[in-house]
Amino acid sequence: MDRNVVIATVLIMGILLVWMYMMEPPLPPDGGPRADSLLVEEVADPVPTREVVRVVEDSMVVSDGSERFILVETDLYEALFSTKGGTIVSFRLKQYTQFDQETAVGLVDTLVAGALGLEFQTPGGRNLDSRALFFEADTDRDAIQVQAGQAGLRFQTPIAEGMLTLRYTFAAGSYEMGLEVTHSKASSYLTYDGYEMVWNGAIPFSEDPGNRKEEMTKVGAYARSGTSVDGVTLQSDEEVGTTLRGDISWIAVKNKYFGVALLADESGREAELSGTRIGEVDAADVYTDFRASILVDYPEGEPDTYRLFMGPLEYRLLSRHEGLYEVVDYGWNAFEWMTRPLATFIFIPVFGLLSQFIPNYGVVIIVFGFLIKVVLYPLTKSSYKSMAKMRDLQPMMKEIKEKYPDDPQKQQQATMKLYRESGTNPLGSCMPMLLQYPIIIALWQFLQQAIEIRQESFLWAGDLSAPDAILHLPFSIPFYGDYVAGFTILMGLSMIVQMRLQATPATGAQAKIFMYLMPGMIFVIFNRLPSGLSLYYLVYNVVTAGQQKLINMSMAKAKANAPAKRPPGPRRGQTRKSGPAKKRRR
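No experiment lies behind these values; they were computed from the predicted model shown.

Digging into the pairing of strand β19 (residues 287-296)
- Taking burial as the measure, the 10 residues of β19 include nine buried ones, the bulk of the element.
- Relative to β19, strand β14 (residues 195-200) runs antiparallel, the two being bridged by six bridges. In the strand pairing of β19, Met197 is matched with Ile294.
- Relative to β19, strand β18 (residues 258-278) runs antiparallel, the two sharing nine bridges. Across the sheet, the residue bridging to Leu273 is Ala292, located in β19.

The following block contains the structure:
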């Protein structure tokens, strides 16, 4: 194996390992379990109402009433609203299921008292949360069906001398709902500091609890201030928080594949993000909680309008709102400048185009991997040609070392002269390979969180976004797990074949050890990663091996057909001089 190939491969593996180390969180103390106690499917059962209460704030009657639930159903989701708080208490997606592929994905943490609410301070200096108030709904029905067009649901509650009105609008075929907040005589219950629109609760986990650590790297709360997006995550800290000031256009909370975003039609002046984690990062029962808020100016009479997005983190949906797709994590900042544009402008469009003609995403990944290698073929060919030239120079480089065994400077001078005379660039085999690595790293990030391949099956892999365990072990191996992933095994074997094609009879012992050490590292690193990622690199290695074989055959044929070089000697018309010419005698 050529030394430059080893150097290039070591560099990329070093980059990947550093990146994984940066993403590796320390383990926090144990914590309590998490439950999802309120299901939309249970709405059909009688819902016991809570006793009538009377809320008093600064000696003024706020509201009284009993709690009632209203189910809003569209073709995409089922949302359960409560008259206590006029808020969403459960939200289920119809077209997406959890890891068991049976239970609907939920986007509301049912352990908190309503997801969305208003928080503000009264003129008397006391804090008030709208989710503690009882509202009157504008309908007596327990369910609203939105089969076409739009529908609305309004909640009202009196506060002091004023009135707070929340009006939601729903549209068929959309993951967005409108929210209109109207204040009547706001000065009787609201200070001139304004109010906060608040989202409470994390997006419940939806993936396999056995691989919870990987999902934990993707949860967080985010906000957009001006043109920048900032957020908080719980990978390494038990508690996090940050405050953003400026033009706040939206706040968002997400897990790996799904999220909620509150988009303000009129920007707020401040955003607060906070999160709490209870339990170990890789524990199946780890619990997370987030709070995201926008501080809004005092209402001047006109309603404040918002849009609430609740759905999958698909580029075509998020890209409609400026900066919102940035909540999708594309890795460490040192790589994101190249990984995000590649995913946005190349991978996502190509995947979308291929999926229109190919019904199976496993085949899409195979075709995609083949196309990537076709595009990169000029770089691959240039690299292998340089490798071949370097191999041809190995005997002469060995002679130089033997000629100047104790003089490194003369060794270097003679080697550089050899490179110049032979027209060989020592970086010619390394640089083309390094230029391919941005694409490799970007695909690493993209395929790990591409919702397009979530729960898509291929061959024995039931879910291309999850590991394809073909053998479960009775014990757990550190850093590896308690199962063997099928495509990871095949990918490692294909890497060995590829490296053997690069090897030559003169390959050193260290290179031969590396030939088997690197696939071993791949077995460990990729075993817990999505099978779609391993499938892609399997295709990548197989096509690379085929290209290398063809290039080697082409170069061998060209070398055999090349005319033999003439030995040094006199040119035509000249005679070889054997010594000094003798003078003629006169």
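A look at the pattern of salt bridges
- On inspection of all chains with the given rule, the structure shows 16 salt bridges.
- Salt-bridge contacts for Arg454 lead to Glu207; the nearest nitrogen and oxygen are separated by 3.0 Å. Here Arg454, found in the loop between α8 (431-449) and β21 (469-477), pairs with Glu207, found in the loop between β14 and α2 (212-216); they are 247 residues apart in sequence, far enough to count as distant.
- Residue Arg454 is classed as buried on the basis of its relative accessible area of 7%.
- Its relative accessible area of 11% is what places Glu207 among the buried residues.

Focus on the nonpolar core
- If you look at the biggest cluster of nonpolar residues, it comprises 129 residues, and the most contacted ones within it are Phe81, Phe91, Met177, Met197 and Met310.
- Ignoring sequence-local partners within four residues, the contact set of Phe81 consists of Arg68, Phe69, Ile70, Val72, Thr87, Ile88, Val89, Leu153, Phe155, Tyr168, Phe170 and Met177.

What counts and how
Sequence order as written defines the numbering, with residues in each chain counted from 1. Given that the model is predicted, a residue must reach a pLDDT of at least 70 before its local features are reported, and side-chain atom pairs must reach 80 or more before they are shown or counted; all residues, however, enter totals for whole chains, interfaces and linings. Excluded from the side-chain calculations are hydrogens and water; all other atoms, namely the structure's heavy atoms, are used. Residue exposure (1.4 Å probe, protein chains only): buried if accessible area is under 20% of the type maximum, exposed if over 50%, otherwise partly exposed. The helix count covers DSSP runs of H or I at least four residues long, the strand count covers runs of E at least two residues long, and both are numbered beginning at the N terminus. Paired strands, as defined in this entry, are two strands with at least two bridges between them according to DSSP. When a carboxyl oxygen of Asp or Glu lies within 4 Å of a side-chain nitrogen of Lys or Arg, that pair is called a salt bridge. Here, the term nonpolar core denotes a set of buried Ala, Val, Leu, Ile, Met, Phe, Trp, Tyr and Cys residues that are joined through side-chain atoms within 4.5 Å. Two residues form a contact once any of their heavy atoms are found within 4.5 Å.

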